[in-house]
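Spelled out, the chains give:
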Amino acid sequence: MDIAELIGSAFADGQVLTVPWGIDYFSVVVGVLTGALFACDRKLDIIGTVVLGLVTGYGGGIIRDMLLQTHGVYFTSHPDLILICIAICAFVFYFRGLFRHLDATVFFADALSVGLFALAGASKAFSLEQGFVLSVILGAITAVGGGAVRGSLVLVSGAPGIGKSTLLLQICAQICREQTILYVSGEESENQLKLRAERLGVQSDALWLLCETSLDEILAAAERMQPGLLIVDSIQTLYTEDKTSSPGSIAQVRDCTMRLMQYSKRCGVTVFVVGHINKEGAIAGPKVLEHMVDCVLYFEGEEHTTYRLLRAAKNRFGSTNEIGVFEMDDRGLREVPNPSELLLAGRPLGTPGTCVACVMEGTRPVLAEVQALVCQTTYNMPRRTSNGYDYNRAAMLLAVLEKRGGLRFGSADVYLNVIGGLRLDEPAADLAVAIAVASAALDKPAPDTLAAIGEVGLTGEIRAVNQLNQRLSELHRLGFTRCLIPRSGTQSLHAPEGLELLRVRNIREAMAVAL
């Protein structure tokens, strides 16, 4: 029996697993205990300890009951348990030393309470006949509604000068409103960091700077200060006295990262580590560096453009299918809430050799302008240049256009460029690239309000792509009225009002419709 059959049999015929009333009590008590211990580690006073303990223990249950709109929230319907939880918080505050040797036990109890919270929340939803899907969602809300991930180790990597230090310093401006931050730099002096902070408008008494490369000194300072966030810029400049090799060597990078990971897990401090890249574009140092950290972020962007992309290559606590889009100006990085509109600004109208593609960057549809130039060559071997699009895939599309589209490129140079510094790695951009090249070769402009979505095969067929509804909604929002899409797999697709869908089978049909 697989997992799906097991879940189906467990909830068949209205049968619901009943959870004893003591499960809720035990989960709340353990949640309050872990919250109070965390508050004591952050040097909060008695009021802060009580508040954080109650929020950790009761947060998920309150959200669950509010969503279910039950008669009475769990927090107010058990006043006796509230008094017990307040007493637990006070006991932890005055006798924290008794729990010093029980951190592993408390951590196990915390994990157990999360599972019990989920079980109790799902059971309550089932008892109110909310259905399987909603019950699972409410179970998850009950489990994590009152807590957050602590003690994670995050690696931020990118090319030199891309803006890694600027990004982290601007993050400090937001986080230092709530907790203390220790910013460690092994590459810049205090005066250099001060000048950058003044330019970015970062001013806070909760932000502490330390210019040091000795990991032993850094960890000693962190133990004394007990910050909520530790930033290390960068891991390749650190060294430990235990190793005789120079900073940046494989042994130093591996051991320094291991000690930072142990510190973050032991003290519950989130640590951001900046990592350099080598000439191939990979993170400098051993591959085990990426395995040790909890999250790997890549900060990318073209050298001569102002746009920056923040991608997650690894994330133990969430999805990696998301990106952040920023623009660099004289005051630092600025978030771009609508990258499609910005990337299409200034697009030439009525000009041959352009077409708009819609690609998915995580769960966000992004429109990008593809430009092509085809001209007669003066060399024995015609040139092929591609910027922002895979060179081998571009060569494949040229071969398909010659064989299936009737075009000739044997004596022509072909240049491809994606505007804005984006890189189109998704096959859904194939059709837009092919239309742009065909438009440039025939010197016929495609309609300005036309976009193209689809994958091109070697036989010239146009194949379906995923998440087509989201792409079409983004096109309609930005004023496009026509869109080339594959005929196969889209018969039941309904276009937004005002957007005409042009279904095509192959590349020859697409060229006839678009040009």
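On a predicted model such as this, the values are computed, not experimentally measured, just so you know.

1. Let's talk about the sheet that holds strand E3 (residues 207-211)
Reading across from one edge, E3-E2-E4-E5-E1-E6-E7-E8-E9 is the order of the nine strands in this open sheet, with mixed pairing throughout. Of all the strands in the sheet, the pair left with one neighbour each is E3 and strand E9 (332-335). The mean angle between the axes of side-by-side strands here comes to 25 degrees, regardless of whether they run parallel or antiparallel. Where strand E2 (residues 181-185) lies against strand E4 (residues 229-233), five bridges are found, and the strand directions are parallel. Within E4, the residue paired with isoleucine 181 across the bridge is leucine 229. Each of E2 and E3 touches helix H10 (residues 215-225); the most contacted strand, E2, lies at about 170 degrees to it.

2. Looking at the sheet that holds strand E10 (residues 354-361)
A sheet is described by the order of its strands in space; here seven strands give the open sequence E12-E13-E11-E10-E14-E17-E18, paired in mixed fashion. At either end of the open sheet lies a strand with only one pairing partner, and these are strand E12 (384-387) and strand E18 (500-504). Across this sheet, the average inter-strand angle for adjacent strands is 25 degrees, counted without regard to direction. As judged from the five bridges shared by strand E17 (residues 482-486) and E18, these two strands associate in the parallel manner. Paired with proline 486 across the two strands is valine 504, which belongs to E18. Here helix H14 (residues 391-405) sits on the sheet in contact with E12 and strand E13 (412-418), set at roughly 125 degrees to E12. Along the sheet face, helix H17 (residues 507-514) touches strand E14 (450-452), E17 and E18 and points at about 145 degrees away from the line of E18.

About the thresholds
Residues numbered from 1 in each chain as written. Predicted model: local features only at pLDDT ≥ 70, side-chain atom pairs only at ≥ 80, totals over all residues. Heavy atoms only, no water. Pairing = 2+ DSSP bridges. Helix = DSSP H or I, 4+ residues; strand = E, 2+ residues; numbered from the N terminus. Axes fitted to C-alpha atoms, helices over the stretch in contact; angles between N-to-C directions. Contact = heavy atoms within 4.5 Å.

So far we have only geometry, and geometry alone does not tell us how the molecule works.
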